[in-house]
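# Working through the structure, step by step
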Amino acid sequence: ILAGIIWSNVLMTVTKPTFDNKTILLTTNAGASPMAGAACNPLFVSSSWNNDQSPEALGKRMSDDKITTIYMIAPNYQAGKDMISGVLRTLKGPKVVGQDLVKLGESDFQANISKVRAEKPSAVFAFVPGAMSPAFIKQWAASGVGKDIKLYTVFSVDNATLPAIGDAALGSYHASYWSTDLPFPATQRFVKEYTA
């Protein structure tokens, strides 16, 4: 068994040689959408999600919030494209006025934020995973554009990144399926029992 794939670009790269060798591939994080469709294989097991699920919820939220225009920012790899597709699948009403597919691992978003400022959308959808998140969210907050433009994200502000982001995350909206710090009894019990 090959297990523990975190990034969707790595998952998509290892599937063919893994399956050609009749090896089970267990992903614990990466949820590339082709794996639930055209690239589905009986040797593939996922203990996580499909990339576009949480963004689908966010697309509905943006529609319910009566956003009129939106700008999309995500890294140019499988997960970034899946996240945008998920939002678009459930987005009803808002017009997409721009889209940037940035380099995976990008840390300087000033040009992207300048484009957003020029387009003046009602909202921005940003999928900025891992270390990209604190960089983007802090630059977003420092730019001041968040005063007039709502920020919606997935897998960008969570219990892993929030300590590094801090108050810069205030006022942003997120869709997530779970977090260790949710104040619900079932979550608190699970974390306590898992830790024990």
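Above this text sits the structure in question.
The present account deals with the structure reproduced in this document.

Quick notes on the rules
Residues numbered from 1 in each chain as written. Predicted model: local features only at pLDDT ≥ 70, side-chain atom pairs only at ≥ 80, totals over all residues. Heavy atoms only, no water. Helix = DSSP H or I, 4+ residues; strand = E, 2+ residues; numbered from the N terminus. Rg over C-alpha atoms; globule rule 2.2 N^0.38 Å. Contact = heavy atoms within 4.5 Å. Areas by Shrake-Rupley, 256 points an atom, 1.4 Å probe, with all protein chains shown as cover. Lys, Arg positive; Asp, Glu negative; His and termini not counted. Charge placed at Lys NZ, Arg CZ, Asp CG, Glu CD. Polar contact = N/O pair within 3.5 Å; in protein donor to acceptor, adjacent residues only side chain to side chain. Expected span 1.5 Å × (residues − 1). Bend = angle between axes of the 7 residues up to and from the residue. Buried < 20%, exposed > 50% of the residue type's maximum accessible area, 1.4 Å probe, protein only. Salt bridge = Lys/Arg side-chain N within 4 Å of Asp/Glu carboxyl O. Phe/Tyr/Trp six-rings, centres within 6.5 Å; stacked < 30°, edge-to-face > 60°. Axes fitted to C-alpha atoms, helices over the stretch in contact; angles between N-to-C directions. Parallel < 35°, antiparallel > 145°, perpendicular 65-115°, else oblique. Left-handed = near helix turned anticlockwise from the far one by under 90°. Nonpolar A, V, L, I, M, F, W, Y, C, P; charged D, E, K, R; others polar.

### Quick word on the overall build of the protein chain
If you tally the helices and strands in the protein chain, you get 7 helices and 8 strands. Relative to the 2.2 N^0.38 estimate, which gives 16 Å for 196 residues, the radius of gyration of the protein chain is 18 Å and therefore close to what a compact globule would have. Over its C-alpha atoms, taken along the principal directions, the protein chain stretches across nearly 50 × 40 × 30 Å. Put simply, of all contacts in the protein chain between residues at least 6 apart along the chain, 62% involve residues at least 24 apart. Accessible surface, the protein chain as shown: approximately 10300 Å² in total, 56% of it carbon and sulfur. The positive charge centre, built from 18 side chains, and the negative charge centre, built from 15, are 3 Å apart in the protein chain.

### Some details on the side chain of Ser143
Following the sequence through the fold, Ser143 ends up in helix 5 (residues 132–143). Of the polar contacts made by the side chain of Ser143, one reaches the backbone nitrogen of Val145; its length is 3.3 Å. The contact partners of Ser143, leaving out residues within four places of it in the chain, are Ile113 and Arg117.

### Observations concerning helix 1 (residues 8–20)
Turn by turn, an α-helix covers 3.6 residues, leaving residues three or four places apart pointing in a common direction. With 13 residues, helix 1 should reach 18 Å at 1.5 Å per residue; the first-to-last C-alpha distance of 19 Å fits that figure. Of all the bends in helix 1, the greatest reaches close to 40° and is centred on Val14; the proline Pro17 follows between one and four positions later. When helix 1 is considered as a whole, its buried residues turn out to be Ser8, Leu11, Val14, Thr15, Thr18 and Phe19. Tucked into the core, helix 1 has its buried residues touching strand 1 (2–5), strand 2 (25–27), strand 3 (44–46) and helix 3 (78–90). Backbone geometry just after helix 1 places Lys22 at a positive phi near 55°.

### Considerations on the pattern of salt bridges
Counted according to the given criterion, the structure contains 6 salt bridges. The shortest N-O distance in the salt bridge between Arg89 and Asp52 comes to 2.9 Å. Of this pair, Arg89 sits in helix 3 while Asp52 sits in the loop between strand 3 and helix 2 (53–64), and the two are 37 residues apart along the sequence. Asp52 gets classed as buried once you look at its relative accessible area, which sits at 7%. For Asp100, the salt bridge identified is with Lys115, shortest N-O distance 3.2 Å.

### Digging into the packing of aromatic side chains
A complete count under the given rule lists 6 aromatic pairs for this structure. When the centroid spacing of 5.9 Å and the interplanar angle of 25° are considered together, the rings of Phe190 and Tyr194 count as stacked. Of this pair, Phe190 and Tyr194 both sit in helix 7 (residues 185–195), 4 residues apart, roughly one helical turn. The partly exposed category is assigned to Phe190, whose relative accessible area is 44%. Residue Tyr194 is classed as exposed on the basis of its relative accessible area of 67%. Members of the aromatic cluster, connected to one another through ring pairs, are Phe109, Phe136 and Trp140.

### A few points about the packing of helix 4 (residues 110–119) against helix 5
Orientation of helix 4 relative to helix 5, taken along the N-to-C sense of each, is 45°, at an axis distance of 10 Å. As far as their axial angle goes, helix 5 and helix 4 are oblique. Where helix 4 crosses over helix 5, the handedness of that crossing is right-handed. Between helix 4, through Gln110, Ile113, Val116 and Arg117, and helix 5, the contact on the second element is made entirely by Phe136, Gln139, Trp140 and Ser143. Among the residues making up the contact of helix 4 with helix 5, the classes are represented as 4 nonpolar, 3 polar and 1 charged.

Honestly, it's all geometry; don't read function into it.
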